[in-house]
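# Per-entry structural report
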Amino acid sequence: MRAAAAARSTPTPAPFTVLGGAGLLPFLAGAAGAWLGPEPDRSVLLYWLLGYAMVILAFVGALHWGVVMMDAAASPRAQWLGALWSVMPALVAWAALQLPTLLGLRIMAGAFVVQLFMDRRLAQRHPVPRWFLPLRARLTLVVVGSLVIATLA
């Protein structure tokens with residue numbers, strides 16, 4: 001309980017709040033466009049959303065590489081596990097692109113949930129700022145919501 005309260009009381013630095021929030025705009029626009037865009041353009045908008053989701057999933061996966069690399073106390077096993085996981089989201093995202101767009105978007109929504117779980121494991125094993133997990137959870141909620149909403153259009 002104390003850790004959760006401490007995490008809430010540690011403010012996220014402005015660059016991460018602003019850029020994290022800005023990074024949500026294409027997700028929100030893609031979900032809105034899937035519902036409100038003109039019919040012939042909807043499939044293109046969904047494909048663009050899938051492409052953007054791929055980029056962001058690869059980015060958040062790569063955070064594991066950086067965190068483990070900077071942890072001087074990380075064992076060789078922990079280094080291998082962190083490095084291996086860091087490339088998995090990019091591979092999943094690439095595979096999702098090979099599938100029909102709606103299926104790819106659903107896979108990406110699930111992949112972001114798995115990524116958040118892996119981020120929690122990362123934070124349990126390696127030093128990360130207290131604000132990292134609360135920020136990742138908030139961003140993931142909007143990302144997954146946007147992807148699911150887009151697939152329902």
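The structure we're discussing is the one just above.
A few points on the structure. (Residues numbered from 1 in each chain as written. Predicted model: local features only at pLDDT ≥ 70, side-chain atom pairs only at ≥ 80, totals over all residues. Heavy atoms only, no water.)

## A closer look at the packing of helix H2 (residues 14-36) against helix H3 (residues 39-70)
Keep this limit in mind: Axis definition: a line fit to C-alpha positions, over the contact stretch in the case of helices; interaxial angles, taken between N-to-C directions, run 0 to 180 degrees. Secondary structure is summarised from DSSP: a helix means a run of H or I of at least four residues, a strand means a run of E of at least two, and numbering begins at the N terminus for each. Note on angle classes: values under 35 degrees are labelled roughly parallel, values over 145 roughly antiparallel, values of 65 to 115 roughly perpendicular, and the remainder oblique. Less than a right angle of anticlockwise turn of the near helix away from the far helix marks a crossing as left-handed, whereas a clockwise turn marks it as right-handed. In what follows, a contact means two residues having at least one pair of non-hydrogen atoms within 4.5 Å. Side-chain classes follow a simple rule in which Ala, Val, Leu, Ile, Met, Phe, Trp, Tyr, Cys and Pro form the nonpolar group, Asp, Glu, Lys and Arg form the charged group, and the remainder, Gly included, forms the polar group.
Here H2 crosses H3 at 160°, and the two axes come no closer than 9 Å. By the angle between their axes, H2 is roughly antiparallel relative to H3. In this structure, the crossing between H2 and H3 has a hand that is left-handed. Counting all contacts with H2, which are made through Gly 23, Pro 26, Phe 27, Gly 30, Ala 31, Gly 33, Ala 34, Trp 35 and Leu 36, the residues of H3 involved are Arg 42, Leu 45, Leu 46, Leu 49, Tyr 52, Ala 53 and Ile 56. Grouping the constituent residues of the contact of H2 with H3 by class yields 12 nonpolar, three polar and one charged.

## Thoughts on the layout of surface pockets
Filter applied, for reference: Cavities and pockets are defined on a 1 Å grid built over the protein atoms alone: a cavity is a set of grid points where a 1.4 Å probe fits but cannot escape, while a pocket is an open set with protein on both sides within 12 Å along at least five of seven lines, and lining residues are those with an atom within 4 Å of any such point. Grid points are joined across faces, edges and corners, and a volume is the space filled by probe spheres set on the points.
As a volume, the largest pocket reaches approximately 580 Å³. Of all the secondary-structure elements, those providing two or more residues to the lining of the largest pocket are H2, H3 and helix H6 (132-151). Tallying contributions element by element places H2 first for the lining of the largest pocket, with seven residues. Residue classes in the lining of the largest pocket are distributed as 19 nonpolar, three polar and one charged. Within this model, the second largest pocket holds a volume of roughly 260 Å³. Lining the second largest pocket are His 64, Val 68, Arg 77, Ala 78, Leu 81, Gly 82, Trp 85, Met 118, Arg 121, Leu 122, Arg 125 and His 126. For the lining of the second largest pocket, the leading source of residues is helix H4 (residues 76-97), giving five residues.

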